[in-house]
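Now for the letters of each chain:
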Amino acid sequence: MKKISLTMICVLLAVVLMADSRGWTIVQSLALPGLGQVRNDRSYGYAMLGAEVGVIGSMFFLSSERSLTDRESYDYALKYANLQPGSYPESFFFDLTKYYSSDFTTGGYNEMVRQEALRLYPSDPDAQQAYIDANGYDEDHYWKWESPANRSEYASMRHQMQNLQDYGKIAVGVLIVNHIISGMDALIFTRPVHKPQAWLKVDNDTPLLMLSMEF
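A quick note: this is a predicted structure, and the numbers were derived from the prediction, not measured.

1. Digging into the pattern of salt bridges
- Taken as a whole and judged by the stated rule, the model has five salt bridges.
- Here E116 and R119 are joined by a salt bridge, their closest N and O atoms 2.5 Å apart. In this pair, E116 and R119 both sit in helix α6 (residues 109-120), three residues apart, roughly one turn of the helix.
- A residue is classified by how much of its surface remains accessible, and E116, at 24% relative accessible area, is partly exposed.

Okay, structure coming up:
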């Protein structure tokens, strides 16, 4: 994001120093899609401006909804998974959706780790314990769901949060595309107009009609 901002600033400064009205129109269209078009009497620029406002609004909405769902899912885990308040990595919350508890009982995360240790080191108890210590959860990361329904509800909340995050990424992509399209459109409609030139040329007694066009 910082690199993009720096690039935009450099482009703006370059165009201002050039005092090029064509370049200024292009920069306007890149910075705010539709602005250069509107100022050059191209009515479709209003659609670009509207799309920009709509996408930015949706980004704020999706970000707000994701934060709200994140908080709700955390509070839900505190209440129904006997989770202790604290700061946990994203991978930990993902494990809460997959395992009934963090302990060594059936359906527990640490039980899964223990089974994996037995599979990897079937004849080496010390290696098994080392694997469990390195990959299992300690008491500070304890949880146990009160019911499978609670875990399922929590998983749905986390899935919804992930969807909101994905939609936010799509919105960012749409925003970037809108800027690019607007800039390219301005580059096209502000290009200098050159009339085509035609002339007759003789090459080895063969008359040739030559046509020159600039885009």
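So, next bit.
2. Description of unusual backbone geometry
- Not every positive phi belongs to a glycine, and D41 is a case in point at roughly 60°.
- Along the polypeptide, D41 turns up in the loop between α3 (35-39) and α4 (45-80).
- The backbone phi angle of N82 is positive, close to 55°, even though this residue is not glycine.
- Among the structural elements, N82 can be located in the loop between α4 and α5 (90-98).
- Look at N82 and you get partly exposed, because its relative accessible area is 37%.

3. Some thoughts on the environment of Q128
- Secondary-structure assignment places Q128 in helix α7 (residues 125-135).
- For the pair Q128 and V113, spaced 15 residues apart in sequence, the C-alpha to C-alpha distance is 9.5 Å.
- Once you skip the residues sitting within four places of it in the chain, Q128 turns out to touch A117, L118, Y121, P122 and S123.

4. Some points on α7
- Buried within α7 are the following residues: A127, Q128 and I132. For α7, the arc enclosing every buried residue in end-on projection is 140°, short of the 170-degree limit, so these residues lie on one face. More than 90 degrees from the buried face of α7, the exposed residues found are D126, D133 and A134.
- In this structure, the buried side of α7 is in contact with α6.

5. Remarks on the side chain of N150
- By the secondary structure assignment, N150 is in helix α8 (residues 148-189).
- Within the structure, the side chain of N150 is placed 2.9 Å from the side chain of S147, a separation counted as a polar contact.
- Leaving out residues up to four positions away in the same chain, N150 has contacts with Y76, Y80 and W145.

6. Considerations on a nonpolar patch on the surface
- On the surface, V172, I176, I180 and M184 cluster together into a nonpolar patch covering about 340 Å² of accessible area.
- Topologically, M184 is positioned in helix α8.

7. Here's the deal with the packing of α4 against α8
- Running from amino to carboxyl end, α4 crosses α8 at an angle of 160°, the nearest separation of the two axes being 9 Å. In terms of axis orientation, α4 runs roughly antiparallel to α8. Where α4 crosses over α8, the two elements pack in a sense that is left-handed.
- Residues that form the contact of α4 with α8 fall into these classes: 19 nonpolar, 10 polar and seven charged.

Thresholds applied
- Residues numbered from 1 in each chain as written.
- Predicted model: local features only at pLDDT ≥ 70, side-chain atom pairs only at ≥ 80, totals over all residues.
- Heavy atoms only, no water.
- Salt bridge = Lys/Arg side-chain N within 4 Å of Asp/Glu carboxyl O.
- Helix = DSSP H or I, 4+ residues; strand = E, 2+ residues; numbered from the N terminus.
- Buried < 20%, exposed > 50% of the residue type's maximum accessible area, 1.4 Å probe, protein only.
- Contact = heavy atoms within 4.5 Å.
- Arc of directions from axis to C-beta.
- Polar contact = N/O pair within 3.5 Å; in protein donor to acceptor, adjacent residues only side chain to side chain.
- Patch = residues over 30% accessible without salt bridge, like charges linked within 9 Å, V, L, I, M, F, W, Y side chains within 5 Å.
- Areas by Shrake-Rupley, 256 points an atom, 1.4 Å probe, with all protein chains shown as cover.
- Axes fitted to C-alpha atoms, helices over the stretch in contact; angles between N-to-C directions.
- Parallel < 35°, antiparallel > 145°, perpendicular 65-115°, else oblique.
- Left-handed = near helix turned anticlockwise from the far one by under 90°.
- Nonpolar A, V, L, I, M, F, W, Y, C, P; charged D, E, K, R; others polar.

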